[in-house]
Protein chains: 2
Amino acid sequence: MTAIDVRPSAEPRSSRGSSVDAGRPLKVALLGCGTVGSEVARLIVEQAEDLRARIGRPLELVGIAVRRAHRDRPGLDPALFTTDAQALVARPDVDLVIEVIGGLEPARSLILAALANGASVVTANKALLAADGASLFSAAEEHQVDLYFEAAVAGAIPIIRPLRESLVGDEITAVTGIVNGTTNFILDLMDTEGAGFAETLAQAQELGYAEADPTADVEGFDAAAKAAILASLAFHTRVTAADVYREGIADVSSTDIASARAIGCVVKLVALCQLSEDLGDGAGRSVSVRVHPAMIPRSHPLAGVGGAYNAVFVESRSAGRLMFYGPGAGGSPTASAVMGDLVTVARNRVRGAVGPGESTYAARRVSPIGDVTTRYHLSLEVSDVAGVLAAVAQVFAEHGVSIQTVRQQGRGDDAQLVVVTHRATDAALSATVEALRDLPSVRDVTSVMRVEGEA
Amino acid sequence: MTAIDVRPSAEPRSSRGSSVDAGRPLKVALLGCGTVGSEVARLIVEQAEDLRARIGRPLELVGIAVRRAHRDRPGLDPALFTTDAQALVARPDVDLVIEVIGGLEPARSLILAALANGASVVTANKALLAADGASLFSAAEEHQVDLYFEAAVAGAIPIIRPLRESLVGDEITAVTGIVNGTTNFILDLMDTEGAGFAETLAQAQELGYAEADPTADVEGFDAAAKAAILASLAFHTRVTAADVYREGIADVSSTDIASARAIGCVVKLVALCQLSEDLGDGAGRSVSVRVHPAMIPRSHPLAGVGGAYNAVFVESRSAGRLMFYGPGAGGSPTASAVMGDLVTVARNRVRGAVGPGESTYAARRVSPIGDVTTRYHLSLEVSDVAGVLAAVAQVFAEHGVSIQTVRQQGRGDDAQLVVVTHRATDAALSATVEALRDLPSVRDVTSVMRVEGEA
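Residues numbered from 1 in each chain as written. Chains lettered and ligands numbered in written order. Predicted model: local features only at pLDDT ≥ 70, side-chain atom pairs only at ≥ 80, totals over all residues. Heavy atoms only, no water.

Attention shifts here to the domain arrangement of chain A. Residue and element names in this part refer to chain A. The domain boundaries assigned to chain A delineate domain 1 (26-155 + 333-351), domain 2 (159-328) and domain 3 (370-451). Just the C-alpha atoms count here: the centres of domain 2 and domain 3 sit 25 Å apart. Between domain 2 and domain 3, a total of about 1,000 Å² is buried, with carbon and sulfur atoms accounting for 63% of that surface. Its largest share of buried area at the contact with domain 3, domain 2 owes to Ile263, Arg290 and Met295, together 43% of the area lost on that side. For the pair domain 2 and domain 3, the number of links is 1 salt bridge. (Domains from an automatic or database assignment. Buried area = accessible area lost by both parts, 1.4 Å probe. Salt bridge = Lys/Arg side-chain N within 4 Å of Asp/Glu carboxyl O.)

Take a look at the structure:
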């Protein structure tokens with residue numbers, strides 16, 4: 001680390017570019033003008049006076065990069081629009097760049113170009129941060145500029161700053177999030193209306209809560225990207241989307257949801273980031289990061305998070321249990337998070353400072369899913385013969401999976417066993433399920449779902 | 001504003017003090033070693049390696065100011081303790097000062113001395129910030145150092161940064177908080193056990209949830225100080241404790257709580273910070289800040305906040321409705337907030353930067369309580385004679401207070417009228433109550449309570 005002052009210098013230093021004065025506006029380039037981008041542009045224009053007062057300098061929107069320049073965008077000067085994003089981020093006078101295009105490319109190249117050009121960047125791009133945050137953070141560090149991304153996780157809910165700053169003096173042990181509004185809306189509807197997944201997805205699509213191609217949401221890719229970002233911040237460890245175990249909600253049946261209700265739970269798509277205990281085996285503490293549907297006790301704070309809302313539940317050594325709740329998506333909420341970052345990086349620039357960079361010093365190992373322990377709910381279709389329970393219990397015992405409760409439902413051809421286990425590793429549970437499928441008295445293992453969260 | 005760089009300078013500058021190197025520890029002075037202070041001291045010592053990694057420099061605890069030096073404090077070097085706080089904050093080598101003494105003096109003089117001495121300050125002192133934050137903030141600004149205070153409101157719950165930074169690009173319209181755990185615990189117990197206030201207070205004192213002298217909590221002074229801090233941040237306006245309308249919970253009866261239940265509400269001590277609509281009368285938008293018991297619909301997110309927990313509910317133009325929830329007090333949670341600030345101001349110092357200062361540019365008018373409008377729940381003991389309802393309704397009408405529902409309970413000497421109004425000003429409601437007391441058919445107005453929060 002190079003020698004640096006521990007006192008802010010009082011005397012003025014020369015400003016960026018050649019033509020300099022303290023009142024010079026900070027020039028903002030906006031990349032993307034969709035739902036979020038157009039709202040951000042509107043706020044920069046309409047809130048100009050408040051922003052100037054809060055920053056100490058005016059902001060000037062100098063360009064908006066779009067794919068098609070000739071769409072009507074009311075309230076915005078047509079002259080601002082350009083289809084040449086590369087040229088916009090290469091402008092020598094741009095101080096701040098906002099990226100709300102999304103996706104890996106061209107977003108990555110544009111952000112790297114902006115950082116290399118000495119601009120601070122505000123992005124909402126969860127996919128890019130989760131895939132390749134490292135190269136963005138190191139570029140920001142190298143060029144001593146800011147990279148802020150509050151909007152990348154849970155929309156308007158302030159969660160990045162709390163993890164990066166408010167709780168940075170604490171030891172975070174777990175972050176559990178409902179971070180995808182689409183899947184939460186669908187599961188909520190399945191719970192309240194008892195409808196199946198396909199039918200409910202169609203309904204969500206009609207209502208505009210799900211995309212025409214719902215894969216990113218429904219298969220958990222969106223939540224996995226957010227989980228990677230949350231885990232990286234919480235555990236001071238670089239976690240990428242590839243490190244995240246992921247299961248979507250396409251296989252969640254109305255039976256699963258009814259089974260959950262029967263044990264006082266709701267089914268949620270959860271993102272779980274956990275710090276393991278130190279087993280004293282010299283391996284140190286590892287982290288696990290996973291996204292999957294899970295049964296959550298109705299008494300858990302996350303169980304009440306309904307519809308398109310998001311919530312992030314944080315557990316830490318000193319602070320205890322915290323929850324952050326709010327709208328997880330939408331143009332306005334996401335724009336609010338972008339604008340908060342914009343003011344923050346603008347203030348940093350005015351003060352000649354940069355905010356916190358990437359912190360990965362802990363470099364914890366990410367456990368494979370097989371090593372992760374949790375509780376499980378299983379439904380088995382069994383032939384209603386004497387001794388089937390004994391045979392099933394025997395299989396669990398052989399694999400070291402301890403049964404907490406077992407319930408028999410129906411008779412004859414409808415005979416069902418519902419089993420809830422104590423904590424077991426994913427590997428042991430999977431082996432148990434395979435062995436159960438080989439049992440002659442077990443017709444089928446109809447559902448296996450994890451049970452998460454202490455009441 | 002003097003001309004300042006919009007780019008962080010890359011070249012190293014001379015460090016504080018005479019003997020200088022980049023790895024030099026940042027020296028920390030701790031003022032106060034009670035529940036919070038002792039926990040902070042413990043964490044600084046035990047978490048030294050993590051703190052060094054997160055800050056980029058080691059922290060060195062160089063002194064702890066206490067009233068009585070000769071108490072046994074396990075795990076802390078006795079040589080660190082001093083009863084001469086003035087001398088400690090005057091040390092030329094101290095970079096960071098943590099104030100957890102509380103109260104106005106000597107805390108104020110010590111913080112001002114520390115700031116004047118070029119140290120950044122982390123404080124949990126809500127009373128001082130609410131009484132005289134302005135002089136502290138201007139001293140921090142003058143000496144270009146940090147003043148952070150996440151621990152001053154709602155313990156471990158990150159709420160200061162979210163208001164100061166995450167939502168600084170948005171327009172916050174209301175902040176509603178349950179920010180005093182003692183009163184929340186008492187009201188919760190009264191609700192679940194149906195006991196009276198005095199009895200429940202005694203129980204809370206036995207359990208350690210209330211002080212021997214519970215005045216600050218029970219009379220709402222603690223919540224009012226927090227409300228002033230929240231309102232100042234939310235509305236970019238200087239609000240002091242003196243600006244906050246305050247009522248405690250000592251007069252809340254088990255009857256009030258039963259009445260609340262009867263209309264689907266719970267009674268909470270709430271801190272309400274609200275931005276008025278612009279009435280177009282040229283007066284602009286004003287703010288109202290008040291602390292009092294109120295009936296909250298059970299369906300409101302704040303209604304479920306039980307026991308000693310705190311929660312802050314924020315409504316803003318773009319973000320919508322957000323809630324922050326967690327432990328509101330206690331040594332460890334408060335220490336977590338202090339440590340987060342400590343790492344942040346230490347990082348700022350290492351980077352030669354300062355965080356955001358006070359923002360009061362909006363300078364909104366604070367409305368007197370008489371102008372504040374809300375809904376009210378009233379219980380009247382009336383003589384069970386024909387026409388009493390007409391007479392009562394007439395009084396409300398004469399004062400322009402519109403009745404939403406009225407319910408008659410009991411007969412004869414027990415006859416009661418329970419009235420819930422539509423929104424009315426506090427002034428109109430007070431006048432109505434006076435006039436009701438003059439009605440021959442009204443024996444007494446037994447309770448008047450505000451009804452807050454949309455379901």
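Residues and elements named next belong to chain A. Here, the residues flagged by UniProt with the feature "active site" (unreviewed entry) are Lys226. As for its placement among the helices and strands, Lys226 is situated in helix 10 (residues 221-235). Apart from residues lying up to four places away in sequence, Lys226 is in contact with Lys126, Ala152, Val153, Ala154, Val179 and Asn180. A polar contact of 2.7 Å, which involves the side chain of Lys226, links it to the side chain of Asp222. (UniProt positions renumbered as here; feature names shortened; annotations may be inferred. Helix = DSSP H or I, 4+ residues; strand = E, 2+ residues; numbered from the N terminus. Contact = heavy atoms within 4.5 Å. Polar contact = N/O pair within 3.5 Å; in protein donor to acceptor, adjacent residues only side chain to side chain.)

Residues and elements named next belong to chain A. With 13 residues, helix 7 (residues 181-193) extends 18 Å from end C-alpha to end C-alpha; this agrees with the ideal 18 Å at 1.5 Å per step. The element helix 7 is extensively covered by neighbouring structure, given that 10 of its 13 residues are classed as buried. Within helix 7, the full set of buried residues consists of Gly181, Thr182, Thr183, Asn184, Phe185, Ile186, Leu187, Leu189, Met190 and Asp191. Each element contacted by the buried residues of helix 7 is listed here: strand 7 (172-178), helix 8 (197-206), helix 9 (215-218), helix 11 (254-262), strand 9 (265-275) and strand 11 (309-316). (Expected span 1.5 Å × (residues − 1). Buried < 20%, exposed > 50% of the residue type's maximum accessible area, 1.4 Å probe, protein only.)

Moving on: the nonpolar core. Ranked by internal contacts, the top residues of the largest apolar core, which has 164 residues, are Val97, Ile159 and Val314 of chain A together with Val97, Ile159, Ile229 and Val314 of chain B. Residues contacting Ile229 of chain B, with those up to four places away along its chain left out, are Lys126, Leu129, Ala130, Phe149, Ala152, Val153 and Ile160 of chain B. (Core = buried A, V, L, I, M, F, W, Y, C linked by side-chain atoms within 4.5 Å.)

Moving on: the sheet that holds strand 6 (residues 147-148) of chain B. Residue and element names in this part refer to chain B. An order of 3-2-1-4-5-6 is seen for the 6 strands of this open sheet, with the pairing classed as parallel. The open sheet has two free edges, formed respectively by strand 3 (81-82) and strand 6, since each of these has just one partner strand. Across 4 bridges, the pairing between strand 1 (residues 26-31) and strand 4 (residues 96-99) is parallel. Bridging across to strand 4, Val28 finds its partner in Leu96. Set on the sheet, helix 1 (residues 35-46) makes contact with strand 1, strand 2 (59-65) and strand 4; between it and strand 1 the angle comes to about 160 degrees. (Pairing = 2+ DSSP bridges. Axes fitted to C-alpha atoms, helices over the stretch in contact; angles between N-to-C directions.)

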